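These are the residues of each chain, in order.
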Amino acid sequence: ARRAIGIAMPTNDDKSKFGVDDVAAALGPDTEVTALGVREESELSLPLRDWAAYYRGEAVTVTHRNRATRRIVRPRRGRKRRKQTKAEEEKEEDGDGDGDGDGDAEVEADAADATEVLLNLVSLEYSCTPLSRRVAAPALVRELDWIDHAWPTILKRQGHEAALGLEGAEGGGDALGQAKPDLSRSEEGEDGIMAAAATPEEEGEKENLNAAATRNATRNAAAADNAKGRFSTHYPRVQNYCLMSPQHSYTDFHVDFGGTAVWYHVLRGRKTFFMAPPTDANLRALGAWSNALGLEGGGGFLPHSLPPRSVVKFDVREGETLLLPSGWLHAVYTPVDSLVFGGNFFFDAAADVQLRVGDWEEAFDVPRRLRCPFFPHIHWYARALNLSLRACTPCWRRT
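These numbers come from a predicted model, not from an experiment.

*Asks:* Would you mind showing me how to read unusual backbone geometry here?
*Replies:* Phi is mostly negative for residues that are not glycine, and the peptide bonds are mostly trans. Of note in this structure, cysteine 128 is not a glycine but carries a positive phi near 65 degrees. Its relative accessible area of 11% is what places cysteine 128 among the buried residues. At histidine 248, a position not held by glycine, the phi torsion is positive, near 75 degrees. Mapped onto the elements, histidine 248 comes out in the loop between β7 (241-245) and β8 (250-254). Overall, the relative accessible area of 22% leaves histidine 248 in the partly exposed class.

*Asks:* Please explain the nonpolar core as it appears in this structure.
*Replies:* Inside soluble globular proteins, nonpolar side chains tend to come together where they are buried. In this structure, Trp51, Met244, Trp263 and Phe341 are the most contacted members of the largest nonpolar core, which totals 42 residues. Tallying contributions element by element places helix α3 (residues 48-56) first for this core, with 6 residues. If we skip the residues at most four places from it in the chain, phenylalanine 341 touches Met9, Pro10, Phe18, Tyr126, Leu131, Val135, Tyr241, Cys242, Trp263, Tyr264, His265 and Leu267. In this structure, Ala150, Leu155, Ile378 and Tyr381 belong to the second largest nonpolar core, which totals 28 residues.

*Asks:* When you look at the packing of aromatic side chains in this model, what are you seeing that I'm missing?
*Replies:* The geometry of an aromatic ring pair is captured by two quantities: the separation of the ring centres and the angle between the planes. On inspection of all chains with the given rule, the structure shows 12 aromatic pairs. Between phenylalanine 253 and phenylalanine 301 the ring centres are 6.1 Å apart and the planes differ by 65 degrees, which places this aromatic pair in the edge-to-face class. Residue phenylalanine 253 is found in strand β8, and its partner phenylalanine 301 is found in the loop between α11 (280-292) and β10 (312-317); the two are separated by 48 residues along the sequence. For phenylalanine 253, a relative accessible area of 5% gives the class buried.

*Asks:* What am I meant to see in a nonpolar patch on the surface here?
*Replies:* Taken together, the side chains of Leu140, Leu144 and Leu323 present a nonpolar region at the surface, about 240 Å² in accessible area. Relative to the elements of secondary structure, leucine 323 occurs in strand β11 (residues 321-324).

*Asks:* I tried to follow the environment of arginine 2 on my own but got confused; where do I start?
*Replies:* In this structure, arginine 2 sits in helix α1 (residues 2-5). When its relative accessible area of 13% is taken as the criterion, arginine 2 is described as buried. The spacing of arginine 2 and proline 138 is 136 residues in sequence and 8.4 Å in space, taken between C-alpha atoms.

*Asks:* Just to check I follow, could you spell out the packing of helix α2 (residues 20-27) against α3 for this structure?
*Replies:* For any two helices packed against each other, the geometry is given by the interaxial angle and the distance between the axes. Put simply, α2 and α3 touch, their axes get as near as 9 Å, and they point 180 degrees apart. It follows that α2 is roughly antiparallel to α3 by the angle criterion. In contact with Val20, Asp21, Val23, Ala24 and Leu27 of α2, α3 contributes Leu48, Trp51, Ala52, Tyr55 and Arg56. Grouping the amino acids of the contact of α2 with α3 by side-chain chemistry returns 8 nonpolar, no polar and 2 charged.

Scoring rules and cut-offs
Residues numbered from 1 in each chain as written. Predicted model: local features only at pLDDT ≥ 70, side-chain atom pairs only at ≥ 80, totals over all residues. Heavy atoms only, no water. Buried < 20%, exposed > 50% of the residue type's maximum accessible area, 1.4 Å probe, protein only. Helix = DSSP H or I, 4+ residues; strand = E, 2+ residues; numbered from the N terminus. Core = buried A, V, L, I, M, F, W, Y, C linked by side-chain atoms within 4.5 Å. Contact = heavy atoms within 4.5 Å. Phe/Tyr/Trp six-rings, centres within 6.5 Å; stacked < 30°, edge-to-face > 60°. Patch = residues over 30% accessible without salt bridge, like charges linked within 9 Å, V, L, I, M, F, W, Y side chains within 5 Å. Areas by Shrake-Rupley, 256 points an atom, 1.4 Å probe, with all protein chains shown as cover. Salt bridge = Lys/Arg side-chain N within 4 Å of Asp/Glu carboxyl O. Axes fitted to C-alpha atoms, helices over the stretch in contact; angles between N-to-C directions. Parallel < 35°, antiparallel > 145°, perpendicular 65-115°, else oblique. Nonpolar A, V, L, I, M, F, W, Y, C, P; charged D, E, K, R; others polar.

Pasting the structure below:
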């Protein structure tokens, strides 16, 4: 299946399960992440090392946005028996252990003093990390995504360098920390899941088009930039996300920022989606419902405010990939511990929906931190690139 859609993923067979600890090792155990409280609707910060421990059922210390700290543990019904360390295994083999694992008793004692809180980690962006070398979006996504084709190459390169703290880095992906995955074969030995590399002539033509797009769009993009009129050298880092969800996690109804489409690949576990199309009536209902959540009594269950039969249910099982259409309202339930890779993308056919959702975000005053970075800029660049392509296309081939 992976070969058919041109996707690359870490190995996940019975002998070598890629899991949360592997994510922490790839991104760095000290990397700070923000998890969402499923019931509290709060944001809690902790290093990946502690997130992996929390996922295993150990008590950890987290930090609230107001810098207050507290000790938490995942709910008991979602906890699994802790895996023994090598030292504990050796102790048990020598006959010194009681067979039940002394470490488990220590963990349970520690957890007894912690508050049970269900967290969900859904916003870990891993571009410019070693993990980006092992994961690649489906081929269709890579062929359509404006960020890959319309955003100027030089600005994306500078964005990578800024993320890594480099200046004047030269060379390919290694210098940028964003080495392109080897899609000529997957880690499971599947060959030919990517088309042949572009020729030097094709690469040169793409560079010229990007340069033209930069010249044509800079004036318009700068007008929309709120950074003192100067265009930023970063780019929208929304293409690569890792989602790690303990059992019973739930994300309530929402629209992905900017009306972007989303790809999801469930590497481990299972996800259940509840989805509704982005009609004007549905978007208005979502906005009113979101505003009512902070009021006494809350906003209720959103599907009750939508037209009959608007919501569809869809299960995504381990090894399956979902392409969520642009702007669709959706909620996600996690019936079992899950590890998912995904990303957001813009493309031509969805431009109308993307702009409608952008207007909706303005109308309902969605907080800036929850919106897509560089939303107006990417549309200007895509427009400029399309104009450049039309100028290079013979009139009899234009549509």
